[in-house]
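One-letter residues, chain by chain:
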Amino acid sequence: MTSFNFRRDVITRPVLQWARGVMPALSQTEREAIDAGDTWWDAALFTGDPDWSQLLAFPKATLRPDEQAFLDGPVEILCAMVDDWTMTWETRDLSPEAWAYLKDQKFFGMIIPKAYGGLGFSAFGHAEVVRKIATCSASAAVTAMVPNSLGPGELILRFGTQAQQDHWLPRLADGREIPAFGLTSPEAGSDASAMVDEGVVCRGTWNGQDVLGIRLNWHKRYITLGPVCTVLGLAFKLYDPDHLLGPEEDLGITCALVPADTAGVTIGRRHLPAFQTFQNGPNWGKDVFIPMDLVIGGVERVGQGWKMLMTALAAGRGISLPAMSGAAAAFSALTTGAYARVRSQFNLPIGKFEGVQERLARIAGNAYLLDGARRLTCVGLDLGRHPSVISALLKSGATERMRVVVNDAMDIHGGKAIIEGPRNYMGSQYRAVPVGITVEGANILTRSLIVFGQGAIRAHPYLLAEILAIGDKDPARSLAQFDQVFWKHVAHAIRTGLRAWGRSWTGGAFAPAPDAGRATRFYRQMGRYSAAFALTSDIALLTLGGALKRREMLSGRLGDILSELYFLSGALKRWEDEGRQEADFPLLQWCLETGFATIEQRFDEVFANLPNRLAAWLLRTAILPLGPRRRGPSDRVATACAELLLQPSPTRDRLVENVYVGGKDEAVGQLIDAFERVVATQPIHDRLRVQNIRDWKDGVEGGFVTAEEVAALEAADRAVTAVVAVDDFAHDGLATKAAGADPRVAIEAEPRAPRLELDERRTFGGVGP
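Residues numbered from 1 in each chain as written. Predicted model: local features only at pLDDT ≥ 70, side-chain atom pairs only at ≥ 80, totals over all residues. Heavy atoms only, no water.

### Here's the deal with the overall build of the protein
Move 1: The helix and strand inventory of the protein stands at 29 helices and 11 strands.
Move 2: Here the C-alpha radius of gyration of the protein, 29 Å, is about what a compact globule of 769 residues would show, namely 27 Å.
Move 3: Taken over the C-alpha atoms alone, the protein extends approximately 110 × 75 × 50 Å along its principal axes.
Move 4: The burial tally for the protein puts 57% of its 769 residues in the buried class.
Move 5: Long-range pairs, those at least 24 residues apart, make up 76% of the contacts in the protein with a sequence separation of at least 6.
Move 6: Of the roughly 31000 Å² of accessible surface on the protein, a fraction of 55% belongs to carbon and sulfur atoms.
Move 7: Side chains of the protein give 82 positive and 89 negative charges; the mean places of these two sets differ by 6 Å. (Helix = DSSP H or I, 4+ residues; strand = E, 2+ residues; numbered from the N terminus. Rg over C-alpha atoms; globule rule 2.2 N^0.38 Å. Buried < 20%, exposed > 50% of the residue type's maximum accessible area, 1.4 Å probe, protein only. Contact = heavy atoms within 4.5 Å. Areas by Shrake-Rupley, 256 points an atom, 1.4 Å probe, with all protein chains shown as cover. Lys, Arg positive; Asp, Glu negative; His and termini not counted. Charge placed at Lys NZ, Arg CZ, Asp CG, Glu CD.)

This is the structure in structure tokens:
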């Protein structure tokens, strides 16, 4: 019998009783999702007093020599093989040659260790491969990405038996097996626990032998590579009505491998996701029998499928879609800056109009911000962390920024980006945006339910321990554990409140910051907002308790603040890793000032909608005593960012590094050629303008320009004319085939020049001339 303790028995006990009524209870699904990952820099931000020296001490994201060689070699060759226009409107698929090359060069085995015949790439190496391919074709990138993301390869690698690893991993690495994973079904989208796909433990015949196994029935949809897969990873609910495995009947979500040629499996039909032509479609299984040794991880892993999926997703969600978002941002920065430089209206490049510069600045700033956060996350993954909250907020935040950037690029290009055809290099990027927004956790629910909802539980210094203590079935142990963690939480809350109040009322002037040159002041503001976020989180949880789970608008706004703090951390880390490049500072300044304005706006919205008005008033008084004061970057900063995209420079090179350009027979290659010609001939134009000479022949006769310079001006004009041109088609060529036939559109565009050989092509910042 425990001795009497005044604090525990008199003060803590009624608090525990109150907490049981208001604190959020964890469902089994939530508990498995939280246990699946871990925390990293998000936990530091939740403390309210992050150690910036820790952030700066993280290693820089770098490619190994073999990864760089793969990027410069096989990836470059693959991009040269891909014709996105032909894939989209004619063949609806990669060419047979491209499929063979993907297999031959082990693109599907990037995450598989070399010991099993894979490439064994780091998270950053894997991400850079996906990013570069995505600048050429989103569909090609998805095709290479999916076998290395959430699917059989990663699940077998993490959870498979030794026999499964020995058999399947070499075959997946060299392309003998094409994997897909079936999770989503008509009944279960974001709520995967609602799936009705089921398996029943029974005995059956496999390879002529009577074995213990599972009889499966399912209907899945939206399954990438599903129509062409040879092995299907499958998530389903498993039941054991005859108790062949034990006393339990409902065994829970389980993952298994199903060879696609197994009797009862139907694959082959396709979806067209926003007219992206990567292989995606539904599949069905009717009375499909598989042996128990095809359960991923064997019998010991029965019922652990949801945790396995969440563990894999905690890493994969932080790599693939952020890489594709980074690709879209860098591609938009390269092409839109170049187009705004060569396209003129009212005798002025459109990039010189302030309305256009505002959009160019947003493109450039978001490209810088997005890649910084993406690189930081890859560092964490390569350090062995599986930060589930970070991967969720990165996927959501990156794809939302991709949407903003691509929309801005479309607006600046105008009709050039609207008219479909081989000359339109933006259309496919635009159509791909909703795919990234939707897959691997729809952004709406990720923002409103996961980022703060799981982040508060997982990354808060004390909340998870309190919830576990509350849920402990042993009353004495529950009280003892809660007593210990609750008073630590109280002390933390008092320190956080004083810290948030002090930093807010002094404008963050005395918040800790490293010596980071011109960026030092940004760290002080980050410390201020981190303390304010920690205090607001505690008050929201205290006043709302479990009801906060249902206040999704409030949760979404708090999640936005956490996301901004993380993305801005990535931008600061990038600035440091790249050597504090002075020419890049306008980009960093744009990111931080935009983020600070968003953070203050979200605080203001939280305080305006917090149900407990006294708590809201106290928070507003402590954190925003004068209301939101941040207005975002100045026009001067925006102009400086825009100008970085309009001229060649090392800063521009860093921003658009490893964007695939291709040869001068391709639309982007033509654009960059025109851009370089326009920039090179600008001094000649300036010289003629000073002399008020409009006719180049007069300039030659007056000795102001040479014949060679006139030839350069004429070549530049021809290049610009070719870039500004859009495609048109014969009416008959646009006809759709008769109803009931393959709905593929047959289009005859203006003939194009033969595609160049590899050594005539180029990647921005990569190989080639």
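### Let's talk about the packing of helix H18 (residues 443-459) against helix H19 (residues 463-471)
Move 1: In the contact formed by H18 and H19, the axes pass within 5 Å of each other and the chain directions differ by 85 degrees. By the criterion of interaxial angle, the relationship of H18 to H19 is roughly perpendicular. Note on element contacts: H19 touches H18 through Leu 463, Leu 464 and Ile 467, opposite Ala 456, Ile 457 and Arg 458.
Move 2: Its residues placed into classes, the contact of H18 with H19 shows 5 nonpolar, no polar and 1 charged. (Axes fitted to C-alpha atoms, helices over the stretch in contact; angles between N-to-C directions. Parallel < 35°, antiparallel > 145°, perpendicular 65-115°, else oblique. Nonpolar A, V, L, I, M, F, W, Y, C, P; charged D, E, K, R; others polar.)

### Examining the pairing of strand E4 (residues 231-239)
Move 1: Buried residues dominate E4, accounting for 7 of its 9 residues.
Move 2: Two strands pair when backbone bridges link them, and strand E2 (residues 198-206) and E4 are joined in this way by 3 bridges, in the parallel orientation. Bridged to Glu 198 within E4 is Lys 237. (Pairing = 2+ DSSP bridges.)

### Things to note about the packing of aromatic side chains
Move 1: In this structure the tally under the stated criterion is 24 aromatic pairs.
Move 2: Ring geometry for Trp 41 versus Trp 52: centroids 5.7 Å apart, planes at 55 degrees, classification tilted. Note that Trp 41 is positioned in helix H3 (residues 41-46) and Trp 52 in helix H4 (residues 52-57), a separation of 11 residues in sequence. In terms of burial, Trp 41 and Trp 52 fall into one category: buried.
Move 3: Here a set of aromatic residues connected by ring pairs shows up, and it is made of Trp 40, Trp 41, Trp 52, Phe 58 and Tyr 523.
Move 4: The ring of Phe 567 carries the charged tip of Arg 401 above its face, separated from the ring centre by 4.1 Å.
Move 5: A cation over an aromatic ring shows up here: Arg 518 above the ring of Phe 585, its NZ or CZ 3.9 Å from the ring centre. (Phe/Tyr/Trp six-rings, centres within 6.5 Å; stacked < 30°, edge-to-face > 60°. Lys NZ or Arg CZ within 6 Å of the ring centre and 35° of its normal.)

### Concerning the side chain of Asp 673
Move 1: Secondary-structure assignment places Asp 673 in helix H27 (residues 667-690).
Move 2: Look past the residues within four positions of Asp 673 in its chain and what remains in contact with it is Lys 664 and Ala 719.

### Some words on unusual backbone geometry
Move 1: Positioned with a positive phi, Leu 225 is a non-glycine residue whose angle comes to about 70 degrees.
Move 2: Summarising the element assignment, Leu 225 is placed in the loop between strand E3 (209-224) and E4.
Move 3: Phi at Asp 287 is positive, roughly 50 degrees, even though this residue is not glycine.
Move 4: Exposure remark for Asp 287: the relative accessible area of 41% places this residue in the partly exposed category.

### Description of the environment of Leu 244
Move 1: Note that Leu 244 resides in the loop between E4 and strand E5 (250-259).
Move 2: Of the residues examined, Leu 244 reaches a relative accessible area of 39% and is grouped as partly exposed.
Move 3: On a C-alpha basis, the gap between Leu 244 and Arg 203 in space is 9.1 Å, while along the polypeptide they are 41 residues apart.

### Some thoughts on the environment of Ser 448
Move 1: By the secondary structure assignment, Ser 448 is in helix H18.
Move 2: Note on Ser 448: relative accessible area 7%, which makes it buried.
Move 3: Sequence spacing of Ser 448 and Gly 559 is 111 residues, and the spatial spacing of their C-alpha atoms is 7.3 Å.
Move 4: Those residues in contact with Ser 448 that lie beyond four places of it in its chain are Glu 552, Ser 555 and Gly 556.

### Quick look at the nonpolar core
Move 1: Formed by 228 residues in total, the largest nonpolar core has its most connected members in Trp 41, Phe 107, Leu 309, Leu 588, Leu 592 and Phe 603.
Move 2: Other than its neighbours up to four places away in sequence, Trp 41 contacts Pro 50, Asp 51, Trp 52, Gln 54, Leu 55, Phe 58, Ile 390, Tyr 566 and Ser 569.
Move 3: Ranked by size, the runner-up nonpolar core spans 7 residues in total, among them Ile 684, Ile 693, Trp 696 and Val 705. (Core = buried A, V, L, I, M, F, W, Y, C linked by side-chain atoms within 4.5 Å.)

### Topic: helix H20 (residues 475-505)
Each full turn of the α-helix corresponds to 3.6 residues, which orients residues three or four apart in the same direction.
Move 1: The first and last C-alpha atoms of H20 sit 44 Å apart over 31 residues, in line with the 45 Å expected at 1.5 Å per residue.
Move 2: The N-cap residue of H20 is Asp 474: its side-chain oxygen and the backbone nitrogen of Ala 476 are 3.1 Å apart.
Move 3: Taken from the residues just after H20, Gly 507 is the one with a positive phi, measuring 65 degrees. (Expected span 1.5 Å × (residues − 1). Polar contact = N/O pair within 3.5 Å; in protein donor to acceptor, adjacent residues only side chain to side chain.)

### Side note on a negative patch on the surface
Move 1: Together, Asp 242, Glu 248, Glu 249 and Asp 250 make up a region of like negative charge exposed at the surface.
Move 2: Tracing the backbone shows Glu 249 in the loop between E4 and E5.
Move 3: The class for Glu 249 is partly exposed, based on a relative accessible area of 44%. (Patch = residues over 30% accessible without salt bridge, like charges linked within 9 Å, V, L, I, M, F, W, Y side chains within 5 Å. Salt bridge = Lys/Arg side-chain N within 4 Å of Asp/Glu carboxyl O.)

### A short note on the pattern of salt bridges
Move 1: Scanning the entire structure with this criterion turns up 44 salt bridges.
Move 2: For the salt bridge of Glu 67 with Arg 64, the shortest nitrogen-to-oxygen distance reads 3.5 Å.
Move 3: Ionic pairing is found between Glu 605 and Arg 602, a salt bridge with its closest N-O pair at 3.6 Å. Placement of both Glu 605 and Arg 602 in helix H23 (residues 585-609) is noted, with a separation of 3 residues, approximately one turn of the helix.
Move 4: By relative accessible area, Arg 602 is classed as partly exposed at 22%.
Move 5: Here the salt bridges share partners, and the residues they tie into one network are Glu 128, Arg 131, Asp 371, Arg 374, Arg 375, Arg 574 and Glu 578.

### A closer look at the side chain of Ser 428
Move 1: Within the secondary structure, Ser 428 is located in helix H17 (residues 427-438).
Move 2: Among the residues examined, Ser 428 registers a relative accessible area of 12% and is labelled buried.
Move 3: Side chain to side chain, Ser 428 and Asp 84 meet in a polar contact 2.8 Å long.
Move 4: The contact partners of Ser 428, leaving out residues within four places of it in the chain, are Asp 84 and Gln 276.

### With respect to helix H10 (residues 152-159)
Move 1: Of all 8 residues in H10, 6 are buried, a share of seventy percent or more.
Move 2: What H10 keeps buried is the set Pro 152, Gly 153, Glu 154, Leu 155, Ile 156 and Phe 159.

### Regarding the pairing of strand E7 (residues 280-291)
Move 1: Here E7 lies mainly inside the structure; 9 of its 12 residues are buried.
Move 2: Here E3 pairs with E7 via 9 bridges, running antiparallel. Across the sheet, residue Arg 215 finds its bridge partner in E7, namely Phe 289.
Move 3: Sheet topology places strand E6 (residues 265-266) next to E7; 2 bridges connect them, and they run antiparallel. If you follow Val 265 over to E7, its bridge partner there is Gly 285.

### Overview of a nonpolar patch on the surface
Move 1: On the surface, Phe 4, Phe 6, Val 10 and Ile 11 cluster together into a nonpolar patch covering about 410 Å² of accessible area.
Move 2: If you trace the backbone, Phe 6 turns up in helix H1 (residues 6-22).

### Description of the confidence of the model for the protein
Move 1: Per-residue confidence for the protein gives a mean pLDDT of 91, with 94% of residues at or over 70.
Move 2: Confidence drops under a pLDDT of 50 for residues 737-759, and excluding neighbours within four residues, the segment shows 47 contacts in the predicted structure. (pLDDT = per-residue confidence, 0-100.)

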